[in-house]
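Descriptive structure summary
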Amino acid sequence: MTYLPKPKFHHPAIETNELGYTHRDYEGAISTLCAGCGHDSISAAIMHACFELNLPPHRIAKLSGIGCSSKTPTYFLGQSHGFNSVHGRMPSVLTGANLANRDLIYLGVSGDGDSASIGLGQFAHAIRRGVNMVYIVENNGVYGLTKGQFSATSDKGSKSKRGAVNSDLPIDLVGMALQLGATFVARSFSGDKTQLGPLIKAGIQHRGSAFIDCISPCVAFNNHEGSTKSFDYVRAHNAALNRLDFMTGRSPILLDHPPGSLQEVTLHDGSTLRLRKLAEDYDVRDRAAAMAHLYEGQAAGEIVTGLIYLEEDAGDLHEHLATEERPLNGLGEADLCPGSAALERLNQALR
Amino acid sequence: MPIERVNDFVIRFANVNGSGSASANQLFARSILRMGVPVAPRNVFPSNIQGLPTWYEVRVCEAGHLGARGGVDMMVAMNPQTWDEDVGSIEPDGYLFYDSSRPVPASKLRDDIEVIGMPLTEICNRQYSDPRQRQLFKNIVYVGALSALLDIDAAELERLIAEQFKGKDKLIAPNRQALHIGRDYALANCRCPLRMRIKRSDRIGERIFIEGNAAAALGAVYGGATVCAWYPITPSTSLAEAFERYCNRYRVDQNTGKRRFAIVQAEDELASIGMVIGASWNGARAFTATSGPGISLMQEFLGLAYFAEIPAVIFDVQRGGPSTGMPTRTQQSDILACAYASHGDTKHVLLFPEDPYEAFEFGAVAFDLADRLQTPIFVMLDLDVGMNQHLCKPFAWDDARRFDRGKVMTAEELEAGKDFGRYLDVDGDGITYRTYPGTHPTRGSFFTRGTSRDRYAHYTEKGRPYADNMQRLLRKFETAKSHVPGPLLEAGARPTRLGAIHFGSTAAAMREAAALLAEEGVYLDLLRVRAFPFSGEVATFLDAHEQVFVVEQNRDAQLRTLLLAECGADPAQLVPILHYDGTPVTARFIRSAIAEQLQLVKAAPHRRKVVL
């Protein structure tokens, strides 16, 4: 980490988005993570995605649990409200926040300890409820803040920095998210921003539970020979399914990819996803096939990345609960309190 | 000679769980209310769906004492499993009403009570062919018989049946018929009415009859709660369910069907409180309903809400602990677990409603307090208040009343350049301003965390800002004293140096016990504590009395511990009176426990030595 604050001035010709914000307006405090940490690349991708989507930073709420990954919301989107909650419980806090105000964008940031161990239950239930959010797990297979213990996503046989071999089977959060009914499921790699950026953008535009498992090597404790979450290992075994272009409704469609391998998907807000298929015959809209492909990849020692599953017109928790369009936190006495006359009628019925 | 009592007795129904007795028993209790005579019914039920014994006790009391009395004057023994225990519990010269379809040997009966047998099974088998009908109508048949024996006006019962089955009208006639089968049999075969009976009176007035859980849920509706996250647990489940029922009645848009509320049955209590905290952080009024085991699970989150200063309302419907304890029995044993919930130095605001009226009041005001104080507010109900119907004052609401949303800085204030420090105490009351997420494009955002931070919400591990913040939280707790419902004093009929402090569901039994003691020449000033932190009036009360009995329904004198810790009271001065077997505390118990203490005091020269 650096302790020197970044100066606020910038190049006079710095690029601005439609709101007039520069990418600097999407920054947060200086990261206190280790130099080279994959998590910082994910933060950068989030900032870039929000900038490009022209999102007003204050309309985003960023929530996290506890751990290195959960510290990162401090380091991006400084104008957004953030909530660093308790270990493994971000999903419930985010669910509550979402119920209170359906108009904000919810970004849940978690890690493999936070989501696959202590918070496995909350991860599962938030996904199955269809909470409208982007849930990013910054997955490094290790407990960083407590200095290098295996996490629940650590592969069996993976070696710790001290040489211990993990004997437990890993939890695959992508497989779980698919099984639990997530309507947007992706896996990416913090070392591949061209893949990660569009996935984050698409996840934000998606209505429903969008889950992104982002492998993010821990440079301090899990980037050595014998680890299956090191930069080298992930690069060598990355089996990308597709390349994603994300376009808002207004953007021109560029046709620079071979047409035969393109799949276009329109999201509920009118924006378009264009998938350049790398794996032939892979249909992101087929959940069962996605699960099969995932397990086959796993058996072959591949790390399947890209957009794995998408259900475009999914509903969300608010739709299931039939809550009204106005955010609940904006309702007042007239909307909520039945008043004295109704109470008197009720009293009458209780005699 | 069987006892002669008019409008003053206890009748107990011994039933089998799941046999459909509950609604018949309730019909019985309500018919007495309609006769203008106060009743206090209590369910004693097992943690079971079908088959285990369950009792329903109705205390009839013209004088208006609504606490449990103890003792049974008439037993309606419908459960062979508990026959011996039930028959044994009848007071001498009391009454036994039982199903005589199968002969009961004389050895199984008592000769110091009046025994009334009625062949209920035989009658029902003759009348009905469907087995379920035979069982269900048997309950109505015995209510009919009791109406004749106790001189209850059949017209009141008929009216209640008609009201109950309104909309399902075809059920009215068969129920009425069953009622009259029982009534006619009793009139023809028994000496009616008994010496123990009901006489029409006018002691109900405007009062209503409702369960505390339903009242608390209604309070949450009136208090503007929009988010409810909960996990099923006895005895709090009916609170969340009542909230849903009232919301469906009052908060659904007639045209669009859209709801102005969100209820989530969470995966556990941790998620419940997490959702409440998330929703409250985001500016909605949110609550959960739970019981002791849920409180245990919520500890970590409660510390977060205390330290990060997020409003939350928790209805704790207490049951017998520790552990799974007695899940269907009552206690006031979560006081300390709630008052000091979570690790580190924490203190929480507790409210103690005595009955459904206050459950409604406190259920609504809890949301104002949570927003005003930006901290969790516990509404401490218990199974006795929550799951039993109580006669209480009618609910009232002032339409001019506005929600107190507390100190929330607006976009306009931020735009005008008002200094915003999330933990900056600008008013000196320990309460700081917050902003809702999404308020202003460039001002007012902050990072909420459970870690230490400075007045502007920046992370810090420095000692001084940490201590500064902890001191401010104490200042805020001091401020809370002037916002929470104050204690209520009921002075004894004569000036006295003896006092008693009580709270919550103990109130009715306490008042009656004080009246019993007064008859014996022992006068008590009563102070009913309605909230924690204690206001100055509690310390004043302690100062004004030489000896103060602290009456509560737990083993470890938890409220007394709070009084000692928070008011600096003298341990010798505070005498614990403790009832914790899971049954509601009775006036008889309190009276004799206090009398016993006073005997001890008289016998011993030094007060300190005799106190526990």
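Our subject in this report is the structure included herewith.

**Description of the packing of aromatic side chains**
Residue and element names in this part refer to chain B.
- Tallied over the entire structure, the rule returns 26 aromatic pairs over all chains.
- Seen in terms of ring centroids, Phe532 and Phe534 are 5.2 Å apart; in terms of plane orientation they differ by 75°. Their pairing is edge-to-face. Note on accessibility: Phe532 and Phe534 belong to one class, buried.
- Among the aromatic residues, ring-to-ring pairing joins Phe13, Phe28, Tyr56 and Tyr142 into one connected group.
- Looking at Arg453, its charged tip hangs above the ring of Phe307, at a distance of 4.3 Å from the centre.
- Taking NZ or CZ as reference, Arg453 lies 4.1 Å from the ring centre of Tyr423, over its face.

**A look at the pairing of strand β5 (residues 72-77) of chain B**
All names here are of chain B.
- Counting buried positions along β5 yields six of six residues, so the element is predominantly enclosed.
- Note: strand β2 (residues 8-16) against β5, four bridges, orientation parallel. In the strand pairing of β5, Phe13 is matched with Val76.
- In this structure, β5 lies alongside strand β6 (residues 90-99), joined through five bridges in parallel fashion. Within the sheet, the bridge partner assigned to Ala77 lies in β6 and is Tyr98.

**A look at the sheet that holds strand β20 (residues 525-528) of chain B**
Residues and elements named next belong to chain B.
- A sheet is described by the order of its strands in space; here five strands give the open sequence β18-β20-β19-β22-β23, paired in mixed fashion. Of all the strands in the sheet, the pair left with one neighbour each is β18 (488-490) and β23 (574-578). Across this sheet, the average inter-strand angle for adjacent strands is 25°, counted without regard to direction.
- Strand direction decides the pairing type here: strand β22 (residues 547-552) and β23, joined by five bridges, are parallel. If you follow Glu552 over to β23, its bridge partner there is Leu578.

**Some points on the side chain of Ser31(B)**
Residues and elements named next belong to chain B.
- Note on placement: Ser31 falls in helix α1 (residues 21-34).
- Accessibility expressed as a relative area gives 0% for Ser31, which makes it buried.
- Beyond its immediate chain neighbours, meaning those up to four positions away, Ser31 contacts Ile152, Glu156, Leu157 and Leu160.

**As for the interface of chain A and chain B**
- On the side of chain B, 70 residues touch chain A, which itself brings 57 residues to the contact.
- Counting every contact that joins chain A to chain B gives three salt bridges.
- We note a salt bridge from Arg129(A) to Glu267(B), for which the minimum N-O separation is 2.8 Å.
- At the junction of chain A and chain B, the tally comes to 26 residue pairs in polar contact (both at pLDDT 80 or more).
- Of all the elements in the fold, those that place two or more residues in the side of chain A that touches chain B are β1 (60-64), β2 (81-84), α3 (90-100), α5 (120-129), α11 (333-336) and α12 (339-349) of chain A.
- Taken together, the residues of the side of chain A that touches chain B break down into 24 nonpolar, 23 polar and ten charged.
- The pairing of β2(A) with strand β17 (residues 447-449) of chain B spans three bridges and is classified as parallel. Counterpart to Phe83(A) in the pairing with β17(B) is Thr448(B).

What counts and how
All residue numbers refer to positions counted from 1 along the written sequence of the respective chain. Naming scheme: in the order in which they are written, chains are lettered from A and ligands are numbered from 1. Under the rules for a predicted model, residues below a pLDDT of 70 receive no local features and side-chain atom pairs below 80 are neither given nor counted, while totals for whole chains, interfaces and linings still include all residues. Side-chain calculation: all heavy atoms of the structure are included, whereas hydrogens and water are not. Note on ring pairs: Phe, Tyr and Trp rings are taken, using the six-membered ring of Trp, and paired if centres are within 6.5 Å. Classes follow the plane angle, with under 30 degrees stacked, over 60 edge-to-face and the rest tilted. Only protein chains enter the accessibility calculation, which uses a 1.4 Å probe; a residue whose area is less than 20% of its type maximum is buried, one above 50% is exposed, and one in between is partly exposed. Sitting over a ring, as applied to charges here, requires NZ of Lys or CZ of Arg to be within 6 Å of the ring centre and within 35 degrees of the ring normal. The way it works is that DSSP assigns letters per residue, a run of H or I at least four long becomes a helix, a run of E at least two long becomes a strand, and they are numbered from the N terminus. At least two bridges found by DSSP between two strands is the condition for calling them paired. Each axis is a line fitted through C-alpha atoms, taken for helices only over the stretch in contact, and angles between the N-to-C directions span 0 to 180 degrees. We call two residues in contact when some of their heavy atoms are within 4.5 Å. One speaks of a salt bridge when a side-chain nitrogen belonging to Lys or Arg is within 4 Å of a carboxyl oxygen belonging to Asp or Glu. Polar contact is defined as a pair of N or O atoms within 3.5 Å, subject to the rule that within protein one atom must be able to donate a hydrogen and the other to accept it, and that residues adjacent in sequence are counted only when both atoms are side-chain atoms. Each residue gets one of three labels, nonpolar for Ala, Val, Leu, Ile, Met, Phe, Trp, Tyr, Cys and Pro, charged for Asp, Glu, Lys and Arg, and polar for the others, Gly among them.

By themselves, these are just geometric observations and shouldn't be taken as functional.
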